[in-house]
Amino acid sequence: MRIRPVFSVLGFLIAIVGALMLTALPFSLYFGDSDVNAILVSSLITMVTGALIWFTFRRFEGELRVREGFAVVTLGWASIALFGSLPFYLSDAIPVFTDAYFESISGLTTTGASILTDIESLPHGILYWRSFTHWIGGMGIILLSVAVLPLLGVGGMQLFKAEAPGIVVDKLSPRVSGTAKILWGVYIALTVVETGLLWYGGMTFFDALCHSYGTVATGGFSTKNASIAYYDSAFLQYVIIVFMFIAGASFTLHFRVLRGEWNSYLRDNEFVFYTLTVLVASLIIVAVLPSGAAESWEERIRVSLFQVVSIITTTGYITGDYELWVPMAQLTLLLLMFNGGSAGSTAGGMKIVRVMLLLKNGLVEIKRAIHPKAIMPVRFNGRSVSAEIIGEIMAFFVLYITIFVIASLAMTAVGLDLLSAIGSVASALGNVGPALGSVGPVDNYAHVSEAGKWILAFCMLVGRLEIFTVFVLFSRAFWRA
């Protein structure tokens, strides 16, 4: 692996993050908060460090190799989270470094798990940066770089392969930079539209913008302690439900529909399965929801739909304490944390397409046991899925569950009870945010030990980068010449 191109790109990414920190400055100045200096110093440190690294290793041209792409993505997310924690730490909003890093990586991985006990007491610049980390992490700072790196003489195809969510890279343009620009265009358009609707519905512009970042990125950080429950508005909840659902579907599908291919949703097996999963899970919760949780059937349906969409898309916004619901409803939400959204979306989890193909492969194996000589391929969108892809999905599933079990055991070892340990790891791996037990929807992660926070931070990173991207760096073959 060549070190020069890896550090060249890392330096560029760090410098970009430093520049993006300055977007929080207008809000600090407008509201007259005390975080102006912390934001300026954090931005300066980050930009200078990134620029020095880039300048030192800048003499590089050509396409990144596969190994270098994996290294840039994994090291990039870890280092960006490190510098992203500076505004929290230097402003004393989060004076403990472990907590500041936890909040930063939770934002950048769009997990939304927080250690903060009083969010509303934070200065507006810090609140903005906290939500903005979702937005730049949602589509991916790496994906953004794909559109810019060609200008520096560095090809980005290997970055795109390593960063793009899902099992395949669905190119919308002959050039990968063109694909990145198209996806960012859709992403920005959704953010603008939702911000306008939330502003119209009664939120302040600041709150509308921050919650749009959290929705479109499927992140979940709110500017209010009570999350979306603070607003008690059916209109706002329906708007957020719609945009969470959109963000949990493939962005390539959205682009095709905007281009005029109106039946793209109906032709896509994953989108149909995603929609059916949301409907079935919502109906289950509507049926078992305690009578005291809603005053009317409309509210009952809305509460159930909001929480199902929030969890399956791994956004993590809440409108109530689902730990007061019956165990069947809680179990349904826990399973949705593993399920996740669609490939090519900003959602986390194992992804709908993997769950679909695992189920289809299971059915095919049952049929094959009855008819051992029959040729019965697994099909997706009318095409046969190769045995290689099925094998990759099964390997991913086994690794995912193995990490879940080991991390859950580790969390019990550092002091969490069984339910809280299982819930926290499922939430961190799936990039969800709220979990069960002592880290439930109305709780936070402040009480988790330092060791526990680092375990969960690692789970967030592994979940965001879909396991293989991170673990390939720990393989002996990766470092061989």
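Since the model is a prediction, treat every value here as computed from it, not as a measurement. (Residues numbered from 1 in each chain as written. Predicted model: local features only at pLDDT ≥ 70, side-chain atom pairs only at ≥ 80, totals over all residues. Heavy atoms only, no water.)

**Notes on the overall build of the protein**
Next, step 1: Scanning the protein from N- to C-terminus turns up 23 helices and four strands.
Next, step 2: Its C-alpha radius of gyration of 22 Å places the protein within 12% of the 23 Å reference for a compact globule of 481 residues.
Next, step 3: Seen through its principal axes, the protein has C-alpha atoms that stretch 65 × 60 × 50 Å.
Next, step 4: When each of the 481 residues of the protein is scored for burial, the buried share is 58%.
Next, step 5: By sequence separation, contacts in the protein at least 24 residues apart represent 71% of the contacts at least 6 residues apart.
Next, step 6: Carbon and sulfur atoms provide 68% of the accessible area of the protein, an area that totals close to 19,500 Å².
Next, step 7: Both charge centroids of the protein, one from 29 positive and one from 30 negative side chains, sit 17 Å from each other. (Helix = DSSP H or I, 4+ residues; strand = E, 2+ residues; numbered from the N terminus. Rg over C-alpha atoms; globule rule 2.2 N^0.38 Å. Buried < 20%, exposed > 50% of the residue type's maximum accessible area, 1.4 Å probe, protein only. Contact = heavy atoms within 4.5 Å. Areas by Shrake-Rupley, 256 points an atom, 1.4 Å probe, with all protein chains shown as cover. Lys, Arg positive; Asp, Glu negative; His and termini not counted. Charge placed at Lys NZ, Arg CZ, Asp CG, Glu CD.)

**Let's talk about unusual backbone geometry**
Next, step 1: With a phi angle near 60°, Ser 227 is a residue other than glycine that sits in the positive phi range.
Next, step 2: Here Ser 227 lies in the loop between helix H11 (205-216) and helix H12 (234-247).
Next, step 3: Despite not being glycine, Asn 381 shows a phi value in the positive range, around 55°.
Next, step 4: Within the secondary structure layout, Asn 381 lies in the loop between strand E3 (379-380) and strand E4 (383-384).
Next, step 5: Classification of Asn 381 as partly exposed rests on a relative accessible area of 31%.

**Thoughts on the pattern of salt bridges**
Next, step 1: Throughout the structure, instances matching the rule amount to nine salt bridges.
Next, step 2: Residues Arg 302 and Glu 298 are paired through a salt bridge, measuring 2.9 Å at the closest nitrogen-oxygen approach. Of this pair, Arg 302 and Glu 298 both sit in helix H16 (residues 297-312), four residues apart, which is roughly one turn of the helix.
Next, step 3: Relative accessible area serves as the criterion here: at 10%, Arg 302 is assigned to the buried category.
Next, step 4: In this structure Glu 298 comes out as partly exposed when scored by relative accessible area, which is 35%. (Salt bridge = Lys/Arg side-chain N within 4 Å of Asp/Glu carboxyl O.)

**Details of a nonpolar patch on the surface**
Next, step 1: There is a patch of nonpolar side chains on the surface, built from Val 41, Ile 45, Leu 82, Tyr 89, Leu 90, Phe 97 and Trp 454 and spanning about 570 Å² of accessible area.
Next, step 2: Counting only elements with at least two residues in the nonpolar patch, the list comes to helix H3 (36-57) and helix H5 (86-90). (Patch = residues over 30% accessible without salt bridge, like charges linked within 9 Å, V, L, I, M, F, W, Y side chains within 5 Å.)

**Side note on the packing of aromatic side chains**
Next, step 1: Within the structure shown, the criterion is met by 34 aromatic pairs.
Next, step 2: Plain terms: the ring middles of Tyr 128 and Phe 132 are 5.4 Å apart, the flat faces sit at 15° to each other, and that makes the pair stacked. Within this pair, Tyr 128 and its partner Phe 132 are both found in helix H7 (residues 124-139), separated by four residues, close to a single helical turn. Exposure class is identical for Tyr 128 and Phe 132. Each is buried.
Next, step 3: Chaining the aromatic ring pairs together yields one cluster made of Phe 27, Tyr 30, Phe 31, Tyr 128, Trp 129, Phe 132, Trp 135, Trp 184, Tyr 187, Phe 206, Tyr 213 and Phe 251.
Next, step 4: Between Arg 130 and the ring centre of Phe 221, over which it is positioned, the NZ or CZ distance is 3.9 Å.
Next, step 5: Seen from the ring of Phe 396, Arg 354 lies directly overhead, with NZ or CZ sitting 3.7 Å from the centre. (Phe/Tyr/Trp six-rings, centres within 6.5 Å; stacked < 30°, edge-to-face > 60°. Lys NZ or Arg CZ within 6 Å of the ring centre and 35° of its normal.)

**Some remarks on the packing of helix H1 (residues 3-21) against H7**
Next, step 1: Between H1 and H7, the shortest axis-to-axis distance is 11 Å and the interhelical angle comes to 140°. By the angle between their axes, H1 is oblique relative to H7. In the packing of H1 onto H7, the handedness of the crossing is right-handed. Between H1 and H7, the contacting residues are Val 17, Leu 20 and Met 21 on the first element and Trp 129, Phe 132 and Ile 136 on the second. (Axes fitted to C-alpha atoms, helices over the stretch in contact; angles between N-to-C directions. Parallel < 35°, antiparallel > 145°, perpendicular 65-115°, else oblique. Left-handed = near helix turned anticlockwise from the far one by under 90°.)

**A word on helix H4 (residues 66-84)**
Next, step 1: Taking 1.5 Å of rise per residue, 19 residues should cover 27 Å, and H4 covers 26 Å from first to last C-alpha, within 8% of that figure.
Next, step 2: Taking the largest bend as the criterion, H4 deviates by roughly 25°, centred on Gly 76. (Expected span 1.5 Å × (residues − 1). Bend = angle between axes of the 7 residues up to and from the residue.)

**Regarding the nonpolar core**
Nonpolar side chains in soluble globular proteins tend to end up buried together.
Next, step 1: Grouped together as the largest cluster of nonpolar side chains are 132 residues, with contacts concentrated most on Tyr 128, Trp 129 and Tyr 445.
Next, step 2: Beyond its immediate stretch of four places on either side in the chain, Trp 129 contacts Val 17, Leu 20, Met 21, Ala 24, Gly 84, Pro 87, Phe 88 and Ile 136. (Core = buried A, V, L, I, M, F, W, Y, C linked by side-chain atoms within 4.5 Å.)

**A look at H16**
Next, step 1: Between its first and last C-alpha, H16 extends 22 Å over 16 residues, near the 22 Å set by a 1.5 Å rise per residue.
Next, step 2: Buried residues belonging to H16 abut H12, helix H15 (269-288), helix H17 (327-339) and helix H18 (352-370).
Next, step 3: Of the residues one or two after H16, Thr 314 is the one with positive phi, at around 60°.

**A few points about the environment of Ala 229**
Next, step 1: Its location among the elements puts Ala 229 in the loop between H11 and H12.
Next, step 2: Taking relative accessible area as the criterion, Ala 229 reaches 34% and is therefore assigned partly exposed.
Next, step 3: With 34 residues separating them along the chain, Ala 229 and Thr 195 place their C-alpha atoms 18 Å apart.
Next, step 4: Here Ala 229 is in contact with Ile 318 and Thr 319, once residues within four sequence places are set aside.

**Re the environment of Ser 34**
Next, step 1: In this structure, Ser 34 sits in the loop between helix H2 (25-31) and H3.
Next, step 2: Residues Ser 34 and Ala 24 lie 10 residues apart in sequence; the distance between their C-alpha atoms is 12 Å.

**A closer look at the side chain of Gln 307**
Next, step 1: Within the secondary structure layout, Gln 307 lies in helix H16.
Next, step 2: If sequence neighbours within four positions are ignored, Gln 307 has contacts with Tyr 317, Ile 318, Thr 319, Gly 320, Tyr 322, Trp 325 and Leu 333.

**Side note on the environment of Ser 79**
Next, step 1: Of note, Ser 79 is situated in helix H4.
Next, step 2: Spatially, the C-alpha atom of Ser 79 lies 9.9 Å from that of Gly 11, the residues being 68 residues apart in sequence.
Next, step 3: In this structure, Ser 79 is in contact with Leu 10 and Ile 14, ignoring residues within four places of it in sequence.

Interpretation in functional terms is not warranted from these geometric data alone.
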